[in-house]
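Take a look at the letters that make up each chain.
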Amino acid sequence: MEDSSHIFLRIVLVLCLQSMGRANDEMHPLSHINIHKTTLALRDSVSIKATPLILGLKGEDTEWVTLNLVNPDPSEDDWVCTFFSCKLQLINLPIKFKFANFSNSKYAKTGKAVLKFQLINQRADFSFAVFSGGLSNPKLVAVSNFISFANPKAPLYPRLAQGKSWDEMTITWTSGYAIDEAVPLVEWGMKGETQTRSPAGTLTVDQNSMCGSPARTVGWRDQGFIHTSFLKHLWPNSVYTYRLGHLLSNGSCIRSKTYSFKSSPYPGQDSLQRVIIFGDMGKAERDGSNEYSNTQRGALNTTDQLIKDLKNYDIVFHIGGMTYSDGYISQWDQFTAQVEPIASTVPYMVASGNHERDWPDSGSFYQYTDSGGECGVLAETMFYVPAENRAKFWYSTDYGMFHFCIADSEHDWREGTEQYKFIEHCLASVDRRKQPWLIFAAHRVLGYSSNELYAEQGSFKEPMGRDSLQKLWQKYRVDIAFFGHVHNYERICPIYQNQCVNSEKSHYSGTMNGTIHIVIGGAGKSLSPFTTTIPNWSIYRDHDFGFGKLTAFNHSYLLFEYKKSSDGKVYDSFTISREYKDVLACVHDSCAPTTLAV
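What you see is a predicted model; the values in this text were computed from it and never measured. (Residues numbered from 1 in each chain as written. Predicted model: local features only at pLDDT ≥ 70, side-chain atom pairs only at ≥ 80, totals over all residues. Heavy atoms only, no water.)

**Here we look at unusual backbone geometry**
- P52 follows T51 through a cis peptide bond whose omega is 0 degrees.
- The omega angle of the peptide bond from S213 to P214 is 10 degrees, so this bond is cis rather than trans.
- Structurally, P214 is set in the loop between β14 (196–203) and β15 (225–231).
- Located in the positive-phi region is Y157, a residue other than glycine, with phi close to 55 degrees.
- Structurally, the position occupied by Y157 is in strand β11 (residues 156–162).
- Assessed through its relative accessible area of 1%, Y157 is described here as buried.
- For H485, which is not a glycine, the phi torsion comes out positive at approximately 75 degrees.
- Among the structural elements, H485 can be located in the loop between β25 (480–483) and β26 (489–496). (Helix = DSSP H or I, 4+ residues; strand = E, 2+ residues; numbered from the N terminus. Buried < 20%, exposed > 50% of the residue type's maximum accessible area, 1.4 Å probe, protein only.)

Below you can see the structure in the form of structure tokens.
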């Protein structure tokens, strides 16, 4: 006979799941579950046991859990999900799900299955539930035991980012420790030398700060406490080690494992500098759950290639299309765990896209519901960017010989706007003798793309995209403009006003007459089709998952490579070689009037 508390748990779980169904975001894998039709059909004959009971005994932030399922009345459409254990009035969503026959093809005959889920530390206990009736008509038939992480509050998932100064590195992480419970800090120092402590600020995300459903209602999940520390006065190109910490009231300190990073070079410093750039990666599940392979099938390939190649680049730019959580807030933890090996080692700079920001009447330029009600709050809190106002996601940053101007395509960029003034100032303020490589990036394609949808519209770009900006790119001689949003790879010739201004395809030298445009949005999300007609300005197109890499060898020589995520090999590349006088040389619409007067 079950005790009343276990029966109560099951009833509350059904109520929680039923409330989830009142908002159904068709774009997210979890939205395939027609959970509002859930009925209670508990059967004592069905059992599901999860092991081990305690996770992270050696400090791990992720572990595999084994489920043993026995069901004397099985069917092909039985499925299992994991959820944060419902307590009191907490409304709680499944985190991930699998069909019972996922790795047990004979389940429908034997009624026995062994399933494996990979869980990460998300500051709560977990349980598993068994449903019959498929995703469209779910019936809850069994609930498992609880499992827990040894320290659910542990500091986790550090994310490095450039600060507002070249000699500053920021570290953002997540924990379960409130500031009245423990003081957040970072212990850090140059490798092999005395360590120091720096304090951290703490932010939280409130449910009322969400703009709509599902984020504000059934998709809500408390994100714990988000801490950011600022490590200042770093020596250039030096290796530092660090540990995340929380100083408890009894004087003891909870510490993470030790991480390391290399500080940025001095602006203009002549050294080998390597940059990774991509958009629209998303997240995927290594345990095969949630059917993420159908919508973000390339995410793990890209992540794994970047982890494998970690020693061969210095900084990452992820230009929008980050988690694709779309209002299912628990997925942000999943994403930060996925990129942790990268983001804990090199600066992980991000840009805002439609799935991070867009929501009607929330200040976004586009009045769509792509963010699922997050309206930028999660993106600007979970990741630091050196913007004057993080709610306005535009910023500049330096990395040695590179100067980056990162725009926010979800806010108005047209001439006369606040962002337009920022973009012009960012482009105009760089000293090209010291920093010859000037890079512009934004999420939506504000430049050129032969994406099928853009071609149907006849614009080959985001509406109003380049109308205001191309004269700035030309005036300030931007080398390369990168864009995401379109889920493929495409390289456009050096171009101005729809015309290629250089006939070369693989090596550009001397005066640059126009900006090279690159769409690099194929890092993981389902691929976008090209138009069958290839415009004359399109040099290379690839309908596959991949990412870009910039390598500055010195002030005069730059290499770009496009690599596929499946094998890490180079499939497209070009070089730029030039001298400072070539940057200064006047081209069409790039120089102010001159005079011969004496």
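So that's the structure; there's more coming.
**Some details on the pattern of salt bridges**
- In total, this model carries 26 salt bridges according to the counting rule given.
- When the shortest N-O distance is used, the salt bridge between D304 and R286 registers 2.6 Å. Placement of D304 in helix α3 (residues 299–308) and of R286 in the loop between β19 (273–278) and α3 is noted, with a sequence separation of 18 residues between them.
- Looking at R286, the relative accessible area reads 42%, which means it is partly exposed.
- A cluster of three or more residues bridged by salt bridges with shared partners is formed by K96, K283, E285 and D287. (Salt bridge = Lys/Arg side-chain N within 4 Å of Asp/Glu carboxyl O.)

**Quick look at the packing of aromatic side chains**
- In total, this model carries 31 aromatic pairs according to the counting rule given.
- A centroid spacing of 5.6 Å and a plane angle of 15 degrees characterise the contact between Y240 and F261, whose relative ring orientation is stacked. Of this pair, Y240 sits in strand β16 (residues 239–248) while F261 is found in strand β18 (residues 259–262), placing the two residues 21 residues apart along the sequence. Of the two residues examined, Y240 and F261, each falls in the buried class.
- Among the aromatic residues, ring-to-ring pairing joins F482, Y489, Y508, Y540, F560, Y562 and F574 into one connected group.
- For the cation-ring pair, K98 lies above F117, with the distance from its terminal atom to the ring centre recorded as 5.0 Å.
- Note that K564 overlies the ring of Y571, its terminal NZ or CZ placed 4.6 Å from the centroid. (Phe/Tyr/Trp six-rings, centres within 6.5 Å; stacked < 30°, edge-to-face > 60°. Lys NZ or Arg CZ within 6 Å of the ring centre and 35° of its normal.)

**Section: the side chain of Q273**
- Among the secondary structure elements, Q273 is positioned in strand β19.
- Judged by relative accessible area, Q273 falls into the buried class, the value being 1%.
- Reaching out from Q273, the side chain makes a polar contact with the side chain of S271 at a distance of 3.1 Å.
- Setting aside anything within four residues of it in sequence, one finds Q273 in contact with P265, D314, Y399, G400, M401, F402, L550, T551 and A552. (Polar contact = N/O pair within 3.5 Å; in protein donor to acceptor, adjacent residues only side chain to side chain. Contact = heavy atoms within 4.5 Å.)

**Looking at the nonpolar core**
- Counting residues in hydrophobic clusters, the biggest one holds 70 residues, and the most contacted among them are F278, F317, Y348 and F482.
- When residues of this core are assigned to their parent elements, the largest contribution, 5 residues, is made by helix α4 (residues 331–343).
- Leaving out residues up to four positions away in the same chain, Y348 has contacts with L160, A161, F278, M281, V316, H318, F335, V339, I342, A343 and F383. (Core = buried A, V, L, I, M, F, W, Y, C linked by side-chain atoms within 4.5 Å.)

**Here's the deal with the sheet that holds strand β8 (residues 126–132)**
- If you walk across this open sheet you meet the 5 strands as β1-β9-β8-β5-β6, and the pairing is mixed. Edge positions in the open sheet fall to β1 (39–40) and β6 (94–99), since each of these has one partner strand only.
- Bridge count between β1 and strand β9 (residues 139–143): 2 bridges; the pairing is parallel. If you follow L40 over to β9, its bridge partner there is L140. (Pairing = 2+ DSSP bridges.)

**Quick look at the confidence of the model for the protein**
- Per-residue pLDDT for the protein averages 91, and the proportion of residues at 70 or more is 93%.
- Overall, residues 7–26 carries pLDDT values under 50, and its contacts beyond four positions in sequence, including any with other chains, amount to 51 contacts.
- Counting interchain partners and residues more than four positions distant, the pLDDT-below-50 stretch residues 87–91 has 7 contacts. (pLDDT = per-residue confidence, 0-100.)

**Quick look at the environment of G321**
- Relative to the elements of secondary structure, G321 occurs in the loop between β20 (315–319) and α4.
- Put simply, G321 and G282 are 39 residues apart on the chain and 6.3 Å apart in space, counted from C-alpha to C-alpha.
- Filtering out sequence-adjacent residues up to four positions away, G321 remains in contact with D280, M281, G282, E356 and H443.

**A closer look at the sheet that holds strand β31 (residues 546–554)**
- One open sheet accounts for 7 strands, arranged β21-β20-β19-β31-β32-β33-β28; its pairing is mixed. Every other strand in the sheet has two partners, leaving β21 (348–351) and β28 (507–509) as the edge strands with one partner each. Ignoring which end each strand starts from, the neighbouring axes of this sheet average 15 degrees apart.
- The pairing of strand β32 (residues 557–564) with strand β33 (residues 570–577) spans 7 bridges and is classified as antiparallel. Within β33, the residue paired with L558 across the bridge is I576.
- Its contacts with the sheet put α4 on β20 and β21, and the angle it makes with β21 is roughly 135 degrees. (Axes fitted to C-alpha atoms, helices over the stretch in contact; angles between N-to-C directions.)

**Some remarks on the pairing of strand β24 (residues 437–442)**
- Across the 6 residues that make up β24, a large majority, 6, are buried.
- Across 5 bridges, the pairing between strand β23 (residues 402–406) and β24 is parallel. Bridged to C405 within β24 is F440.
- For the crossover that starts at β23, traverses helix α7 (residues 418–428) and ends in the parallel β24, the hand is right-handed.
- One ladder, built from 4 bridges, connects β24 with β25; its direction is parallel. Of the residues in β25, the one forming a bridge with A442 is F483. (Right-handed = clockwise from strand over helix to strand, strands pointing away.)

**Let's talk about empty space enclosed by the protein**
- Tallied over the entire structure, the rule returns 4 cavities of 30 Å³ or more.
- The space that makes up the largest cavity amounts to roughly 50 Å³.
- Taken together, Y448, Q470, W473, Q474, I495, Y496, Q497, T515 and H517 make up the lining of the largest cavity.
- Mapped onto the lining of the largest cavity, the elements with two or more residues apiece are α9 (470–475), β26 and β29 (515–520). (1 Å grid on protein atoms, 1.4 Å probe; cavity = no way out; pocket = protein on both sides within 12 Å on 5 of 7 lines; lining within 4 Å. Points joined across faces, edges and corners; volume = space filled by probe spheres on them.)

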